[in-house]
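Observations on the three-dimensional arrangement
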Amino acid sequence: MLKYLYQPKCSFLTHKSTHCRQSFATYKLVTASVVLLSVAGCQSSQNTDLLGGTRYQTTTQASDNRSVDKQEVARVRTTLAAQYIRKNELDTAQRQLEKAFAADSRYAPAYDMMGVLLQQEGSRINLQKADQYFKKAITLDPDFVQARNNYGVYLSQMDRYKEAAEQFEIAGATLGYEGRIGALENLGRTYLQLNDNPAAAKAFLRALDGNRSSIIAHIELVDLLLEQQRVQQAQRLYDETLILVQGQGVSPRLMLQGIKLADAQNQISTRQQLAQQLLSAYPLSDEAKQLKNWLNNPEAPWK
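One structure accompanies this document, and this report is about it. What you are looking at is a predicted structure, and each value in this text was computed from that prediction instead of being measured. (Residues numbered from 1 in each chain as written. Predicted model: local features only at pLDDT ≥ 70, side-chain atom pairs only at ≥ 80, totals over all residues. Heavy atoms only, no water.)

Section: the overall build of the protein chain
Put simply, the rule is: Helix and strand assignments come from DSSP, with helices taken as H or I runs of at least 4 residues and strands as E runs of at least 2, each series counted from the N terminus. Note on classification: 1.4 Å probe, protein chains only; a residue is buried when its accessible area is under 20% of the maximum for its type, exposed when over 50%, partly exposed between these limits. Only the protein chains shown count as covering a residue, and every accessible area follows the Shrake-Rupley method with a 1.4 Å probe.
Secondary structure assignment for the protein chain yields 13 helices and 1 strand. Listed N to C, the secondary structure of the protein chain is β-α-α-α-α-α-α-α-α-α-α-α-α-α in terms of helices and strands. Every one of the 303 residues in the protein chain was classed for burial, and the buried ones make up 53%. As displayed, the protein chain offers around 14100 Å² of accessible surface, 47% of which is attributable to carbon and sulfur atoms.

Right, dumping it as C-alpha cells:
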C-alpha cells in the first residue's frame, strides 16, 4: 500500500504517518490508507492514520503582513480540512478548503489537500479533477516534497506508474524530508508494478540505508532475493523481519516466505509446521491458495 503523507504544518497534528502493507500484489491504496497505503503514507512502522506525522515542507513565503494574515487563514483552514478528511467528512472538508483558497489562492498545501480529498471520494469525475490540484500544488511550490509523494500515490492508483516513479524519485532523493523513507518504499513498489525488479531492489536498499527498521523494504527484498535464489541473504533479512514485527503477529505473507525459505534449505519439519499454521490461521488468503497450488505440484515454481 502506498502512503499518503499530507499533514499540514500545525502543532496539534503530530501523529506519525506509518502505513505498512505487506502485500503489494493487490496494489490497493489507502485513500489505501484514505490511509496508508501507508500513500502512507505508509516510515518503518505502519498504521492506518492518514494524517501522518510528516509535516508540510512548503517554501511559500508571504511578502507582507497582510499576506501573512491571509496565509495563516489558509493554513488553519487546510488544517481543519485535514481533520475532516480523516473523519471522512468530505463535504465539510471541501468547504474549509474553498475558504482556504479564498484567503490565499497561492497556498500550495490547500491544493494538495484538495487532491487528496477528491482522490478519497473516488468517483471518476473527482479522480480526474484531483490530478489538476496535485499539479497546481507542485507548480506553486516545486520544493513542496510532500505533494510529490501524494501525487505519486495518485498516479499509481491511476496505473500511471512511470509518472509515479518520477515523483517518488524526487521525494526519495530529498534529504531532510521526513517522509523520504516512505517515498523510497513507494518507489520500490512502483518499480515492481513496472516489472523492473533491479530498480525496485535498489529503491528498497536505499530505504534500508536510511532506516534499517523499514519492514516494507525487508519483506519486498526477501521475495526479490528468493527469486534470484540468494537464499542465505534472504534468510538473514527474513530473520531481521521477524524481530521487527515481534509482538505484532506474523502475516500470511511472512509465513509463506518462511515456507519458501524452509523448502529451499530442505528444512522439511519447519516447512510443514509453517504450512499448517498458514492454512489454519489464514485459509482464505492468497498465500494459502499459493501454498495449496504448490502442494499439489511441488515441482512447479511458486506463483
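Back to the text.
Examining unusual backbone geometry
Here N88, not a glycine, exhibits a phi torsion of approximately 65°, which is positive. Assignment of secondary structure puts N88 in the loop between α1 (65-86) and α2 (90-103). Phi angles above zero are rare outside glycine, and Q229 is one such case at about 60°. Looking at the secondary structure, you find Q229 in the loop between α9 (215-227) and α10 (231-244). Of the residues examined, Q229 reaches a relative accessible area of 68% and is grouped as exposed.

Here's the deal with the environment of G152
How we decide: Two residues form a contact once any of their heavy atoms are found within 4.5 Å.
Relative to the helices and strands, G152 resides in helix α5 (residues 145-157). Put simply, G152 and A171 are 19 residues apart on the chain and 9.4 Å apart in space, counted from C-alpha to C-alpha. Those residues in contact with G152 that lie beyond four places of it in its chain are A164, Q167 and F168.

Some words on the packing of aromatic side chains
Defined as follows: Aromatic pairs are defined between Phe, Tyr and Trp rings, using the six-membered ring for Trp, whenever the two ring centres lie within 6.5 Å; interplanar angles under 30 degrees are classed as stacked, those over 60 as edge-to-face, and all others as tilted.
Evaluation of the coordinates by the stated rule reveals 6 aromatic pairs. Arranged with centres 5.6 Å apart and planes meeting at 45°, the rings of F134 and Y154 form a pair that is tilted. Here F134, found in helix α4 (residues 124-140), pairs with Y154, found in helix α5; they are 20 residues apart in sequence, far enough to count as distant. On the accessibility criterion, F134 (0% relative accessible area) is buried.

Digging into the packing of α9 against α10
Filter applied, for reference: Under this scheme, a helix contributes an axis fitted over its contacting stretch, all axes are lines through C-alpha atoms, and angles between N-to-C directions fall in the 0 to 180 degree range. Oblique is the label for every angle not falling under 35 degrees (roughly parallel), over 145 degrees (roughly antiparallel), or within 65 to 115 degrees (roughly perpendicular). Handedness of each helix crossing follows the sense of rotation of the near helix against the far helix: counterclockwise by less than a right angle gives left-handed, clockwise gives right-handed. The nonpolar class holds Ala, Val, Leu, Ile, Met, Phe, Trp, Tyr, Cys and Pro. Asp, Glu, Lys and Arg form the charged class, and all remaining residues, Gly among them, are polar.
Running from N to C, α9 and α10 point in directions that differ by 155°, and their axes come no closer than 9 Å. It follows from the interaxial angle that α9 and α10 lie roughly antiparallel. Crossing geometry of α9 relative to α10 is assigned as left-handed. Where α9 abuts α10, its residues I215, H218, I219, L221, V222, L225 and L226 lie against Q233, A234, L237, Y238, E240, T241 and L244. Tallied by class, the residues present in the contact of α9 with α10 amount to 10 nonpolar, 3 polar and 1 charged.

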